[in-house]
Amino acid sequence: MRIEHHGAVNGVTGSCHQLHIDKHNSLLIDCGLFQGTEKDNTDSNDIEAQLVIDFDISTVKALIVTHCHIDHVGRIPYLLAAGFKGPIYATTATAALLPLVIEDALKVGVTRNKSIIRACIKLLKNQLVPLDYKKWQRLDLLNNHSSAKIKFQMAGHILGSAYVEIDLTLASALPSALDKDENKAKPAKHRVVFSGDLGAPYAPLLPAPKSPYRADTLIIESTYGDKNHQNRKDRTKCLQNIIEKAVQDNGVVLIPAFSIGRTQELLYELEQIIHKQKQRPKYRNSFWHNIDIIVDSPMAAKFTQQYINFKELWDKEAKRELSSGRHPLSFEQLYTINSHQEHLQTIEYLAKRKKPAIIIAASGMCSGGRILNYLKQFLQDKTTDVLFVGYQAKGTLGRDIQKYAPKGNKPGGYVYIDGKKITVNANAETISGYSAHADQQGLINFVKRMRIKPHHILIVHGDEEAKASLKAQYQLLLPEALIEIGQ
Ligand SMILES: [Zn+2]
Ligand SMILES: [Zn+2]
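Remember, it's a predicted structure, so these values are computed and weren't measured experimentally.

Lay out the environment of I57 with the relevant residues and their values.
Examined against the element boundaries, I57 turns out to sit in the loop between α1 (47-51) and β4 (60-64). Beyond its immediate stretch of four places on either side in the chain, I57 contacts L79, A82, G83 and F84.

Below is the structure:
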């Protein structure tokens, strides 16, 4: 058995790992898109080169999807185009979301041709196999010497997200006829765990991930391998404070957010803030009473509906609110923008009216999507606040805005959006505690709380510092184990 990485090693995007079971059989775990400048490619501006499936898929027996963020699933159409015909396993919720995500990705990044999109989605749906959490699924392998089964466990990252346990019985590890000494035979069973993206404890809406009972080999993400988050109370308070400060000058608050996951978390917390404010006597005079909260994304609206459909996957707190008659993902001041025309009109309207508003739009790293038009319009405006609630990968516009926004007495620099040079006069704020990723302590606990701990850990999905820092922590925890940084 060996593991080959086709992404998410020089950064956090492009997740795609190939588990070679033997020479006839392999599995793919995720098949994501690169974002920013993360693909280690001399020609990193060549988008086609980044998308192409540049590895042999002839042994791939199944694709296992941990969750439907674009940097974990975005290359699926290219995998299908390359001739992959095997099953695509995902949790039931992920399977419901995936066609929406892929359809959107195709529309935005590849083609407007409806029949091509339809054909691709049809293929995808034919190959998708939804699985329940916590149930083993046996995989079909070529030849009967090796066998494999998989099981999804809740990862608490976004709706439907999972880490996957893969039980292998390896042909090479079976005692051969020539090998009379049975003690020499290695244990035939091997459990490989791919973490996917792990959620943070106390994240809104979804329950925190529980560690697996056992892992022999663990492939783990390390997005926040060198950082610990602010606690949840601070974070909600922080969100409230920043918004309250931001709206004083009647400017807009722009929140770049992935349509899936982050947007729903934000709505959930905004509803909580508003619910608390309602109890206060001065609520009707406060801006919270009538501020417009705009979700400018038809996709986000669809995903929010899926979050509501799968409410049995919510955590206890969210379920309690629901049963007390509240609607954690919808409230009066919430507006959803659908058509492109409506989107453009909204920007025009907001630019003219000089009244505060909170706008949530994708993409989360400002690398595309409707947030770009808002940034183009409002970034040069001093009254604007850009609020980052997620990780900004190197080379993304989001990272640049964080870097070039005015700081103290230092005036802002500039960024390029669609080739246009734009001065950043807007204030930029970052709330790290919002992340849907486990922090360093969370990643340590994930391993610490396993009954049978891995003797091999491969660290992926993080910047260099994060991976190195997490590696040192794991080495302390498991001095005997082989801890490697995936390459
Ligand atoms: Zn993710
Ligand atoms: Zn990820």
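So what's going on with the pairing of strand β20 (residues 456-460)? Residues and values would help.
Within β20, five of the five residues are buried, leaving the element largely enclosed by the surrounding structure. Judged by which residues are buried, β20 turns out to be covered on both faces: H456, L458 and V460 on one side and I457 and I459 on the other are all buried. In this sheet, β20 lies alongside strand β11 (residues 217-221) in parallel orientation, the contact comprising five bridges. Among the inter-strand pairings, T217 is bridged to a residue of β20, identified as H456.

Can you break down the sheet that holds strand β7 (residues 137-138) residue by residue, with the values?
The strand order across the open sheet built from seven strands is β7-β8-β9-β10-β11-β20-β21, with neighbouring strands paired in mixed fashion. Each edge of the open sheet is held by one strand with a lone partner, namely β7 and β21 (482-485). By the bridge criterion, four bridges tie β20 to β21 in an arrangement that is parallel. Within β21, the position partnered with H456 by the bridge is L482. Helix-sheet contacts for helix α13 (residues 440-448) involve β9 (162-169), β11 and β20, and the interaxial angle to β11 is about 165°.

Which residues make up the sheet that holds strand β16 (residues 385-388), and what are the values?
Pairing is parallel across the open sheet formed by six strands, whose spatial order is β14-β13-β15-β12-β16-β19. Either end of the sheet is taken by a strand with one partner, and the two such strands are β14 (334-337) and β19 (427-430). Averaged over neighbouring strand pairs, the angle between their axes works out to 20° when direction is ignored. Pairing of strand β12 (residues 252-256) with β16 involves two bridges; the strand directions are parallel. Pairing of L254 across the sheet is with V386, part of β16. Helix α7 (residues 262-278) contacts β12, β13 (292-296), β14 and β15 (357-361) of the sheet and is inclined by roughly 155° relative to β15.

Before we move on, can you summarise the packing of α13 against helix α14 (residues 464-477) with the specific residues and values?
With their axes 11 Å apart at the nearest point, α13 and α14 run at an angle of 35° to one another. By crossing handedness, the relation of α13 to α14 is classed as right-handed. Here Q440, L443, I444, V447 and K448 of α13 come into contact with α14, specifically with S469, L470, Q473, Y474 and L477. When the residues that make up the contact of α13 with α14 are grouped by side-chain class, the tally is six nonpolar, three polar and one charged.

What counts as what
Each chain has its residues counted from 1, following the order in which its sequence is written. A letter from A marks each chain and a number from 1 marks each ligand, given out in the order of writing. It should be noted that, the model being predicted, local features are given only for residues of pLDDT at least 70 and side-chain atom pairs only at 80 or more, the latter also being counted only at that level, while totals for whole chains, interfaces and linings use all residues. Heavy atoms from the whole structure form the basis of all side-chain values; hydrogens and water molecules are not counted. For the purposes of this entry, the term helix denotes a DSSP run of H or I that reaches at least four residues, the term strand denotes a run of E that reaches at least two, and both are numbered from the N terminus. Any two residues whose heavy atoms approach within 4.5 Å are treated as being in contact. Each residue gets one of three labels from its accessible area relative to the maximum for its type: buried under 20%, exposed over 50%, partly exposed in between, using a 1.4 Å probe on protein chains only. Two strands pair under a simple rule: DSSP has to find at least two bridges between them. To get an axis, a line is fitted to the C-alpha atoms, and for a helix only the part in contact is used. The angle between two axes follows their N-to-C directions and goes from 0 to 180 degrees. Should the near helix be turned counterclockwise from the far one by less than a right angle, the crossing is left-handed, whereas a clockwise turn marks it as right-handed. The residue classification treats Ala, Val, Leu, Ile, Met, Phe, Trp, Tyr, Cys and Pro as nonpolar and Asp, Glu, Lys and Arg as charged. All others, Gly included, are polar.

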